[in-house]
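Residues per chain are reported as follows:
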Amino acid sequence: MINKPLAYRMRPDNLDQVIGQNKIKDFLNNLISNSSLVSIIFYGPPGTGKTTLAKAFSKSFNANCLSLNAVIDKKEKMEATFEEAIRFYPTIVIIDEIHRLDKAKQDLLLPHLENGDFYLIGCTTANPLISIRPAIRSRCRLLATEELSKDEVKSGLLRAISSEKGLNNSRKFSDDAIDYLASISAGDLRFAYNQLEAITLSFTKDHLITLQDAKDIANVPNYYADLNEDEHYDTVSALQKSIRGSQVDAAIYYAAKLLKSGDLDGLVRRLLVTAYEDVGLANPQAVDRCYNACQVAKEVGLPEAMIPIGFTIVDLALSPKSKSSCTAIEEASAMIDNKPIRVRSYLRLKQADSPVKYPYDRPDVWPKLQYMPEGLEDYHFYNPTLTGKYERALAQQLEKLNQIERTTDIEKAKRLKSKL
């Protein structure tokens, strides 16, 4: 009889057996203690236990549990699953890859969440603030899973070696071999289990598996084995700083290092942030091209993704730079925290307390009104950076606008002559 994969066999039967994610487990155990259920979306890197948490929680709660996969399950199966969930209330419906639900499937799910027909646990590697529509997201508790520590991965490996469901002590490993497997797994326990199983199948029961054996069999290159958590984030930091500093070769090198580690999603996120933060209004077309290149990279996947990624890195690194829009919104955000100010009466949605109404039918008046809150009339958050043709044009337009006399007197604004 052929066994199922080790990672499948080692899935916990209850929350107590789940390795890591202690904050989330505390929250879930409180739900169990209070006999309460809420809809949840788990999001985080692969192999951090999202589906494992969902299933272990369902078992620990002793609730009826049904599972779906947003990628492979069609609308008809979802409808049948939801009908079954309603019949056996309370039911937890687990949806893997929930960010992949198309509009029709999301429309099918939403009314059930609104009516409380069942409780949802969605699992995704994508950021739900971007990938999940607000109507669904607002009805769920968002819980982020974190990469496991090396010690937590090692604990999982040792458990798999001794467990009856795992290797049942049928193989012996040196301590440094286990340390090596934990270090190359980058917090992904499923990856660690797969490597452990591959090594186990390569040697007989009486063989002591050493560090060198593990290195020979483990399906990872040396550079990935050395890419610990600190090194990973240092590389991401170096990439953005290299683009900001316009050293294209350095940027290409650090991007290649991240691609070799398989972190395409993380690289895409950093490039999009870099495009808007560091290039910004100096070359908005390059920002748009970055978004398009990143979308192509995600669609084609690795290894071909390196082609559009290389394209946008060269484009961004050699573009003029401007942080003006980023600095403006950051400064405004900081001021709001320290000094919240009320909106002027004629700018409010309801203008009952305004003696003169906002002139919706007078576009010639709009540039003459004062929109800044009281006390901030002369404050400037946005200061142009004149490194690119586009922002130089914006700066010229801003200079013209600054010549206009702005007033809070709408009747006076109607009489002022425009200088544009």
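Look a little higher up for the structure.
Reading the values: rules and limits
- Residues numbered from 1 in each chain as written.
- Predicted model: local features only at pLDDT ≥ 70, side-chain atom pairs only at ≥ 80, totals over all residues.
- Heavy atoms only, no water.
- Axes fitted to C-alpha atoms, helices over the stretch in contact; angles between N-to-C directions.
- Helix = DSSP H or I, 4+ residues; strand = E, 2+ residues; numbered from the N terminus.
- Parallel < 35°, antiparallel > 145°, perpendicular 65-115°, else oblique.
- Left-handed = near helix turned anticlockwise from the far one by under 90°.
- Contact = heavy atoms within 4.5 Å.
- Nonpolar A, V, L, I, M, F, W, Y, C, P; charged D, E, K, R; others polar.
- Salt bridge = Lys/Arg side-chain N within 4 Å of Asp/Glu carboxyl O.
- Expected span 1.5 Å × (residues − 1).
- Buried < 20%, exposed > 50% of the residue type's maximum accessible area, 1.4 Å probe, protein only.

**Section: the packing of helix α2 (residues 22-33) against helix α3 (residues 50-61)**
Relative orientation of the contacting elements α2 and α3 amounts to 25°, with a least axis distance of 10 Å. Between α2 and α3, the angle falls in the class roughly parallel. By crossing handedness, the relation of α2 to α3 is classed as right-handed. Counting all contacts with α2, which are made through Ile 24, Lys 25, Leu 28, Leu 31 and Ile 32, the residues of α3 involved are Leu 53, Phe 57, Ser 60 and Phe 61. Broken down by class, the residue content of the contact of α2 with α3 amounts to seven nonpolar, one polar and one charged.

**Considerations on the pattern of salt bridges**
The full count for this structure, using the stated rule, is 17 salt bridges. For Asp 107, the salt bridge identified is with Arg 133, shortest N-O distance 2.7 Å. Of this pair, Asp 107 sits in helix α5 (residues 103-115) while Arg 133 sits in the loop between α6 (128-131) and α7 (134-137), and the two are 26 residues apart along the sequence. Between Lys 414 and Glu 411 there is a salt bridge, and its shortest N-O distance comes to 3.5 Å. Taken together, the residues span about one helical turn, with Lys 414 and Glu 411 both in helix α20 (residues 410-415) at a distance of three residues.

**Observations regarding helix α17 (residues 306-317)**
Taking 1.5 Å of rise per residue, the 12 residues of α17 would be expected to cover 16 Å, and the 16 Å separating its terminal C-alpha atoms lies within 8% of that figure. The set of residues buried in α17 consists of Pro 308, Ile 309, Gly 310, Thr 312, Ile 313, Asp 315, Leu 316 and Ala 317.

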